[in-house]
Amino acid sequence: MSAVVYPVSPALSPAASASRAGAWRLHPGCAMSLRPKDTAVLRIRRGRVWVTLGEPGVMSPDGAGDRFLQDGDVLLVPAGARLVMEPLAPRGASDPVCFDWTEAAAPAMETDRFGRDVLLPLRELGAAMGQSGLALARVLRGLLGYGEFLVAGRGRVLTPLESLRS
């Protein structure tokens, strides 16, 4: 599948088209992946889509997973999350899914001083710790995959290439 997004008019940029209803189209047979830097809102104007949302550092099923959206449905996409979207259309259908992708307003807790100075950095720290934990798990899994090479020569015959002998 290819990742293709078609604007309604080639002359419109994403920023200019964000205020227009159904400003973006995704054709059947295509899929797209988005990762917003800031919290964003996905609003389906026409059609049905299958959305997979993966949030960084979040392992709970409440924050991530598959969703099916249709006309009028709205999905809040957190900053840094990865969203993959694919139209759900019957075979032979050529009508694209129309949707809006806009930046969400900042939550109220981030507008006061305590939210900006304490809660926001705390949330970022939690996300960073989650990502570092996942990275550590991947490193350990990788090292365990090399277990046979780490104990080479202890009970197994090495090949000439492994022993550096001809």
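Computed from a prediction, not measured in an experiment: that's the story for all the values here.

1. What about the overall build of the protein?
Within the protein, the regular secondary structure consists of 4 helices and 10 strands. Going residue by residue from the N terminus, the α and β elements of the protein occur as β-β-α-β-β-β-β-β-β-β-β-α-α-α. Sorting the 166 residues of the protein into buried and exposed places 20% on the buried side. Within the protein, contacts between residues at least 6 apart in sequence are counted, and of these 71% link residues at least 24 apart. By element, 59% of the accessible surface of the protein is carried by carbon and sulfur atoms, the whole surface being about 11,300 Å².

2. Digging into the confidence of the model for the protein
Interpretation of this model should avoid reading the predicted coordinates in detail wherever pLDDT is low. When pLDDT is averaged along the protein, the result is 75, and 69% of the positions lie at 70 or above. A low-confidence stretch, residues 1–21 (pLDDT under 50), is modelled with 36 contacts involving residues beyond four sequence positions or located in other chains.

3. Some remarks on a nonpolar patch on the surface
On the surface, a nonpolar cluster with roughly 380 Å² of combined accessible area is contributed by Leu136, Val139, Leu140 and Leu143. Its location among the elements puts valine 139 in helix H2 (residues 113–145).

4. Side note on the packing of aromatic side chains
Taken as a whole, this structure holds 1 aromatic pair when the rule is applied. Consider the rings of tryptophan 50 and phenylalanine 68, whose centres lie 6.1 Å apart with planes at 25 degrees: the pair is stacked. Linking tryptophan 50 in strand E6 (residues 49–54) with phenylalanine 68 in strand E7 (residues 65–69), this pair joins segments that are 18 residues apart in sequence.

5. Re the side chain of aspartate 100
Mapped onto the secondary structure, aspartate 100 falls in strand E10 (residues 97–103). Of the polar contacts made by the side chain of aspartate 100, one reaches the backbone nitrogen of alanine 23; its length is 3.1 Å. In terms of polar contacts, aspartate 100 uses its side chain to reach the side chain of arginine 45, at 2.8 Å.

6. Observations regarding the pattern of salt bridges
Taken as a whole and assessed by the stated rule, the structure comprises 1 salt bridge. The shortest N-O distance in the salt bridge between aspartate 100 and arginine 45 comes to 2.8 Å. Of the two residues, aspartate 100 sits in strand E10 while arginine 45 sits in strand E5 (residues 40–46), which places them 55 residues apart along the sequence. Looking at aspartate 100, the relative accessible area reads 5%, which means it is buried. We classify arginine 45 as partly exposed; its relative accessible area is 39%.

7. Considering H2
The end-to-end C-alpha distance of H2, which contains 33 residues, comes to 48 Å, matching closely the 48 Å that a straight helix rising 1.5 Å per residue would cover. At leucine 119, H2 shows its maximal kink, close to 30 degrees; a proline, proline 121, follows between one and four residues later.

8. Things to note about the nonpolar core
Leu42, Ile44, Val51, Leu83, Met85, Phe99 and Trp101 are the most contacted members of the largest nonpolar core, which totals 21 residues. The set of elements that each furnish at least two residues to this core consists of strand E3 (24–26), strand E4 (30–34), E5, E6, strand E8 (74–77), strand E9 (82–87) and E10. The contacts of isoleucine 44, once residues within four sequence positions are left out, are Val49, Leu69, Gln70, Asp71, Gly72, Asp73, Met85, Val97, Cys98 and Phe99.

The rules behind each value
Residues numbered from 1 in each chain as written. Predicted model: local features only at pLDDT ≥ 70, side-chain atom pairs only at ≥ 80, totals over all residues. Heavy atoms only, no water. Helix = DSSP H or I, 4+ residues; strand = E, 2+ residues; numbered from the N terminus. Buried < 20%, exposed > 50% of the residue type's maximum accessible area, 1.4 Å probe, protein only. Contact = heavy atoms within 4.5 Å. Areas by Shrake-Rupley, 256 points an atom, 1.4 Å probe, with all protein chains shown as cover. pLDDT = per-residue confidence, 0-100. Patch = residues over 30% accessible without salt bridge, like charges linked within 9 Å, V, L, I, M, F, W, Y side chains within 5 Å. Salt bridge = Lys/Arg side-chain N within 4 Å of Asp/Glu carboxyl O. Phe/Tyr/Trp six-rings, centres within 6.5 Å; stacked < 30°, edge-to-face > 60°. Polar contact = N/O pair within 3.5 Å; in protein donor to acceptor, adjacent residues only side chain to side chain. Expected span 1.5 Å × (residues − 1). Bend = angle between axes of the 7 residues up to and from the residue. Core = buried A, V, L, I, M, F, W, Y, C linked by side-chain atoms within 4.5 Å.

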